[in-house]
Structure formats: C-alpha cells, structure tokens
Amino acid sequence: MSQWLTLCSVEQILPGCGVCALAGDQQVALFRPYADEQIFALSNIDPFAQSSVLSRGIIAEHQGELWVASPLKKQHFRLTDGLCMEDDAHSIPAYEVRVQGGNVEINTASLHAEAC
C-alpha cells in the first residue's frame, strides 16, 4: 500500500538543479531538470565516494536520457532508475515521486523496497 510523504514545494527546486531532502532516515536527491513539475528522486549517496553529494551534481542529457554527474568522481546516474553509466554494479536506488498541489511527495513504499 502506497503512503506519500511530503518533502518540499516544487518551487523550492530551481529548474536544472537538485536538492537534498530527508525522507525518514534516508537522504534523497530530488532533481528538477526543466521548469515544469517533472521531478526525479535518487539516493543522495555516491557509491564510489561514499559521500552524500549527488544532489549537487550536474544534470545532463545523453542519448535522449537524463543523467546526473557526481560532483566528486564524475560517474553518471540515470535519473529514471539510478543506473550507473560507467559501472552498473554501482547503480543507486531510484524512488517514486509525484507532485500534488505544488508539493513534492515520495512514495514511502519505494524507500522501504531498497532496504529489502
């Protein structure tokens, strides 16, 4: 059963940028590539550097898909599913998010699915 947790207002995420939010005890990187309400959510932990930095990465498009480049070691993670372009063994969790009434919400079931 889905439960939705409000993280922030969509207007708090500048287009073309990411922000970090705390969802329970997990850091989530939220990305807003364009000026619309399309939001993506990934783990904020860079698996190569073991640091909480992905929300500060640069959003880029490659072969028609959106990616974020880690600000530390520059690996790329696909916004839709967390796949690591350079090494899929280091892919990261992606979370289900939606915008309701101008607020960004995360499906708490998708947070718990990572822990299983």
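By convention here, each chain's residues receive numbers from 1 onward along its written sequence. This being a predicted model, a pLDDT of at least 70 is required before a residue's local features are given, and a value of 80 or more before pairs of side-chain atoms are given or counted; all residues contribute to the totals for chains, interfaces and linings. To obtain the side-chain values, all non-hydrogen atoms of the structure were used and water was disregarded.

If you check an unreviewed UniProt entry, the protein chain appears there as Nitrite reductase (NADH) small subunit from Rahnella sikkimica. UniProt positions are given in the numbering used here, feature names are shortened, and annotations may be inferred rather than shown by experiment. Quoted verbatim from the Subunit (unreviewed entry) field of UniProt, the annotation for the protein chain is "Associates with NirB."

> What exactly am I supposed to notice about the pairing of strand β2 (residues 17-23) here?
Within a regular strand, side chains alternate between the sheet's two faces. Whether two strands pair comes down to DSSP finding at least two bridges between them. Numbering of helices and strands runs from the N terminus, with a helix taken as a DSSP run of H or I at least four residues long and a strand as a DSSP run of E at least two residues long. Taken together, the seven bridges between β2 and strand β3 (residues 26-32) define a ladder with antiparallel strand orientation. Note on β3: the bridge partner recorded for A21 is V28. Counting the residues that bridge the hairpin from β2 to β3 gives two residues, and of these G24 lies at a positive phi of roughly 65 degrees.

> Honestly, the packing of aromatic side chains in this entry has me stumped. Any pointers?
Note on aromatic pairs: each is described by the distance of the centres and the angle between the planes. Two rings from Phe, Tyr or Trp (for Trp, the six-membered ring) form a pair when their centres are within 6.5 Å of each other. A pair whose planes differ by under 30 degrees is stacked, one over 60 is edge-to-face, and the rest are tilted. Per the stated rule, a full pass over the model turns up one aromatic pair. When the ring of F48 is compared with that of F77, the centres are 6.4 Å apart and the planes differ by 50 degrees; the resulting orientation is tilted. Highlighted residues: F48 in the loop between β5 (45-46) and β6 (51-52) and F77 in strand β9 (residues 76-78), separated in sequence by 29 residues. We classify F48 as partly exposed; its relative accessible area is 25%. The buried label applies to any residue whose accessible area, calculated with a 1.4 Å probe on protein chains only, is under 20% of its type's maximum; exposed applies above 50%, and partly exposed to all values in between.

> Just checking my understanding: could you explain the side chain of E105 for this structure?
Inspection of the secondary structure puts E105 in strand β12 (residues 103-107). Between N or O atoms, a polar contact is any pair within 3.5 Å; within protein, one atom must be a potential hydrogen donor and the other a potential acceptor, and residues adjacent in sequence are included only when both atoms are from side chains. A distance of 2.7 Å separates the side chain of E105 from the side chain of R98, its partner in a polar contact. Contacts were defined at the residue level, with two residues in contact if any of their heavy atoms lie within 4.5 Å. With residues up to four places along the chain from it excluded, the contact list for E105 reads W4, L5, T6, E96, V97, R98 and Q100.

> It is not clear to me how the sheet that holds strand β4 (residues 40-43) should be interpreted in this structure. Could you clarify?
Neighbouring strands of a sheet are bound in pairs by backbone hydrogen bonds; such pairs are parallel or else antiparallel. Ordered by their spatial adjacency, four strands build an open sheet running β2-β3-β4-β10, and the pairing between neighbours is antiparallel. Only two strands of the sheet have a single neighbouring strand rather than two, namely β2 and β10 (94-95).

> Hey, could you run me through the sheet that holds strand β7 (residues 58-62) in this one?
Read across the open sheet, the three strands follow the order β7-β8-β9; overall the sheet is antiparallel. Each edge of the open sheet carries a strand with a single partner, namely β7 and β9. Each strand of the sheet is rotated relative to its neighbour by a mean of 40 degrees, with strand direction disregarded. Whenever a helix is involved, its axis is fitted only over the stretch in contact; in every case the axis is a line through C-alpha atoms, and angles between N-to-C directions fall within 0 to 180 degrees.

> Got a minute to help me understand the pattern of salt bridges in this structure?
Opposite charge on two side chains makes pairing possible when the charged atoms of those side chains draw close. One speaks of a salt bridge when a side-chain nitrogen belonging to Lys or Arg is within 4 Å of a carboxyl oxygen belonging to Asp or Glu. As enumerated under the stated definition, the model contains three salt bridges in all. Of the charged contacts in the structure, one is a salt bridge between D81 and R78, with a shortest N-O distance of 2.8 Å. Using a relative accessible area of 37% as the deciding quantity, one classes D81 as partly exposed. We note a salt bridge from E105 to R98, for which the minimum N-O separation is 2.7 Å. Under the relative-accessibility criterion, E105 is labelled buried at 12%. Overlapping salt bridges bring together E65, R78 and D81 as one network.

> How should the environment of V19 be read in this particular structure?
Within the fold, V19 resides in strand β2. Judged by its relative accessible area of 24%, V19 is partly exposed. Along the primary structure V19 and S43 are separated by 24 residues, whereas in three dimensions their C-alpha atoms are 11 Å apart. Once you skip the residues sitting within four places of it in the chain, V19 turns out to touch Q12, I13, V28, A29, L30 and S55.

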